[in-house]
Amino acid sequence: MTDQTTHSASYDTSLRRSDAIWQQIEKDPSGLRMLTGDRPTGALHIGHYFGSLRNRVRLQEAGVETWLIVADYQVITDREVIGDIKGSVRELLTDYLAVGIDPARSTIFTHSAVPALNQLLLPFLSLVTQPELERNPTVKAELQAAGRSAMGGLMLTYPVHQAADILFCHGNLVPVGRDQLPHIEQTRVIARRFNERYAGGEQVFAEPDALLSEAPTILGLDGGHKMSKSLGNTVMLRMSSDETAKKIKKAKTDSEREITFDPEGRPEVANLLTIAALASGSTPEAIAAEIGDAGSGTLKVRTAEALNEHLAPIRARRAELEQDPGYLFEVLRDGNERANEIAGATLARVREVMGMVY
């Protein structure tokens, strides 16, 4: 069996499990604990929003227990210059609350404030081999994206750190895209091996499931890459309506007058149609039919208008939150306190089953 066949079979299995979980959420979300988050590298953009943030709010509103990690330690996995991490954390918190994450129903915390979480790395690292970590495609991709040839120790153990993020709070649901499935599988392997090796088969850690995203990928406005702050091809959530219109106006399209939705043949046009559809609740095909032969200029105006209308309440809430940074960090302190309680209990249980309570 080739690697491609294996990966395809694994994806099909994950997709079936994901579909079953969505059905469970609709019937009864009790017992589900979602863990997800972001690296604090600055404010977020519409790729984050349509690809993940909006779905997190949907799950929160559906009654799924929600944990969001601000992965500040992961900023240093592939960067020699880390910049203003506290400022980036503040921006991330602002975006989280502005889009609808409710601190009363969701726990927001940081890596660096939860020592017991990070201490789980030691027993978890004993359960994986170097070749297993080196084969992880996400690690390879991150290394390539960072433009570095030598892999640092923190980057190599990145999947194990993510496993600790998920398992410390006994998360059993992780929203991901297809490219992140190897991380979830590595976490499942670590949970299984811990239970077998250290707990005599008792289920100390459940094997988490991936909840596959239904959102389409949003390309950058240059058309050739994913949205990325470093490439400057994004529409940030914090941008004004005028800044958004200017960004969209500069988006790459093509020379054809007739607007059609053809993701393979016309990816740049399809991307703007997708953004307009996500923002307006319509479909890309319907918007393309409405614009017809009015050209890319009309498409850009339509996209900017739909996006600005959709983001207006989020931006208004964001402006309010920016006036009270003390409240933002209060939310984080409360989340860190709860995370420390859970992490401490988990680490105590781990030490108990490993025979390390003296």
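Structure: see above.
Residues numbered from 1 in each chain as written. Predicted model: local features only at pLDDT ≥ 70, side-chain atom pairs only at ≥ 80, totals over all residues. Heavy atoms only, no water.

Visitor: Give me the overall build of the chain: which residues, what numbers.
Guide: Scanning the chain from terminus to terminus reveals 15 helices and 5 strands. Taking 21 Å as the expected radius of gyration for a compact globule of 358 residues, we find that the chain reaches 21 Å, a close match to that expectation. Summarising its shape, the C-alpha atoms of the chain cover approximately 75 × 55 × 45 Å along the three principal directions. Within the chain, buried positions represent 49% of all 358 residues. Intrachain contacts of the chain at a sequence separation of at least 6 include 77% that bridge at least 24 residues. If you sum the accessible surface of the chain, you get close to 16900 Å²; carbon and sulfur atoms cover 50% of it. Here the chain carries 39 positive and 48 negative side-chain charges, and the mean point of each set is 3 Å from the other. (Helix = DSSP H or I, 4+ residues; strand = E, 2+ residues; numbered from the N terminus. Rg over C-alpha atoms; globule rule 2.2 N^0.38 Å. Buried < 20%, exposed > 50% of the residue type's maximum accessible area, 1.4 Å probe, protein only. Contact = heavy atoms within 4.5 Å. Areas by Shrake-Rupley, 256 points an atom, 1.4 Å probe, with all protein chains shown as cover. Lys, Arg positive; Asp, Glu negative; His and termini not counted. Charge placed at Lys NZ, Arg CZ, Asp CG, Glu CD.)

Visitor: Tell me about helix α13 (residues 284-291), and please be specific about residues and values.
Guide: Of all the positions in α13, only Pro 284, Ile 287, Ala 288 and Ile 291 are classed as buried. For α13, the buried positions fall inside an angular range of 100 degrees around the axis, keeping them on one side. Exposed positions of α13 whose direction lies more than 90 degrees from the buried face are Ala 289 and Glu 290. Taken together, the buried residues of α13 touch α12 (267-280) and α14 (295-322). The first or second residue beyond α13 is Gly 292, which carries a positive phi of 55 degrees. (Arc of directions from axis to C-beta.)

Visitor: So what's going on with the packing of aromatic side chains? Which residues, and what values?
Guide: For the coordinates displayed, the defined rule picks out 8 aromatic pairs. Plain terms: the ring middles of Trp 67 and Phe 109 are 5.9 Å apart, the flat faces sit at 75 degrees to each other, and that makes the pair edge-to-face. Here Trp 67 is found in strand β2 (residues 65-70), whereas its partner Phe 109 is found in strand β3 (residues 106-110), with 42 residues between them in sequence. Both residues of the pair, Trp 67 and Phe 109, count as buried. An aromatic cluster is built from Phe 124, Phe 194, Tyr 198 and Phe 205, whose rings are joined through pairwise contacts. Its end group placed over the ring of Phe 329, Lys 86 keeps NZ or CZ at 5.4 Å from the ring centre. (Phe/Tyr/Trp six-rings, centres within 6.5 Å; stacked < 30°, edge-to-face > 60°. Lys NZ or Arg CZ within 6 Å of the ring centre and 35° of its normal.)

Visitor: Can you break down unusual backbone geometry residue by residue, with the values?
Guide: Positive phi values are uncommon outside glycine, yet His 170 reaches one of about 60 degrees. Residue position: His 170 is located in the loop between α9 (158-168) and β4 (173-176). We classify His 170 as partly exposed; its relative accessible area is 37%.

Visitor: Help me get a handle on the packing of α12 against α14, residues and values and all.
Guide: Where α12 contacts α14, the axes come no closer than 8 Å and their chain directions differ by 30 degrees. Crossing angle aside, the handedness with which α12 passes α14 is left-handed. Between α12, through Val 269, Leu 272, Leu 273, Ile 275, Ala 276, Ala 279 and Ser 280, and α14, the contact on the second element is made entirely by Leu 299, Lys 300, Thr 303, Ala 306, Leu 307 and His 310. The residue makeup of the contact of α12 with α14, split by class, is 9 nonpolar, 3 polar and 1 charged. (Axes fitted to C-alpha atoms, helices over the stretch in contact; angles between N-to-C directions. Left-handed = near helix turned anticlockwise from the far one by under 90°. Nonpolar A, V, L, I, M, F, W, Y, C, P; charged D, E, K, R; others polar.)

Visitor: Now, about the side chain of Asp 95: what can you tell me, with residues and values included?
Guide: As for its position among the elements, Asp 95 is in helix α3 (residues 85-99). At 2.6 Å, the side chain of Asp 95 and the side chain of Arg 318 are in polar contact. Setting aside residues no more than four positions away along its own chain, Asp 95 makes contact with Ala 43, Leu 44, Leu 237 and Arg 318. (Polar contact = N/O pair within 3.5 Å; in protein donor to acceptor, adjacent residues only side chain to side chain.)

Visitor: Tell me what's going on with the packing of α3 against helix α15 (residues 325-353), and back it up with residues and numbers.
Guide: It is at 10 Å that the axes of α3 and α15 come closest, and there the two elements cross at 85 degrees. With respect to their mutual orientation, α3 and α15 come out roughly perpendicular. Residues Lys 86, Val 89, Arg 90, Leu 93, Thr 94 and Leu 97 of α3 touch α15, and the partners they reach there are Pro 325, Tyr 327, Leu 328, Phe 329, Val 331 and Leu 332. Its residues assigned to classes, the contact of α3 with α15 comprises 9 nonpolar, 1 polar and 2 charged. (Parallel < 35°, antiparallel > 145°, perpendicular 65-115°, else oblique.)

Visitor: Tell me about the pairing of β3, residues and numbers included.
Guide: Counting buried residues along β3, 5 of its 5 residues qualify, which places the element largely inside the surrounding structure. Along β3, one buried face is formed by Ser 106, Ile 108 and Thr 110 and the opposite face, lined by Thr 107 and Phe 109, is buried too. In the sheet, β2 pairs with β3 via 5 bridges, with the strands oriented parallel. Within the sheet, the bridge partner assigned to Val 70 lies in β3 and is Thr 110. (Pairing = 2+ DSSP bridges.)

Visitor: How would you summarise the nonpolar core if you had to cite specific residues and measurements?
Guide: Ranked by internal contacts, the top residues of the largest apolar core, which has 50 residues, are Ile 46, Tyr 96, Ile 108 and Leu 307. Elements represented by at least two residues in this core include exactly α2 (46-61), β2, α3, α12, α13, α14 and α15. When residues of this core are assigned to their parent elements, the largest contribution, 8 residues, is made by α12. (Core = buried A, V, L, I, M, F, W, Y, C linked by side-chain atoms within 4.5 Å.)

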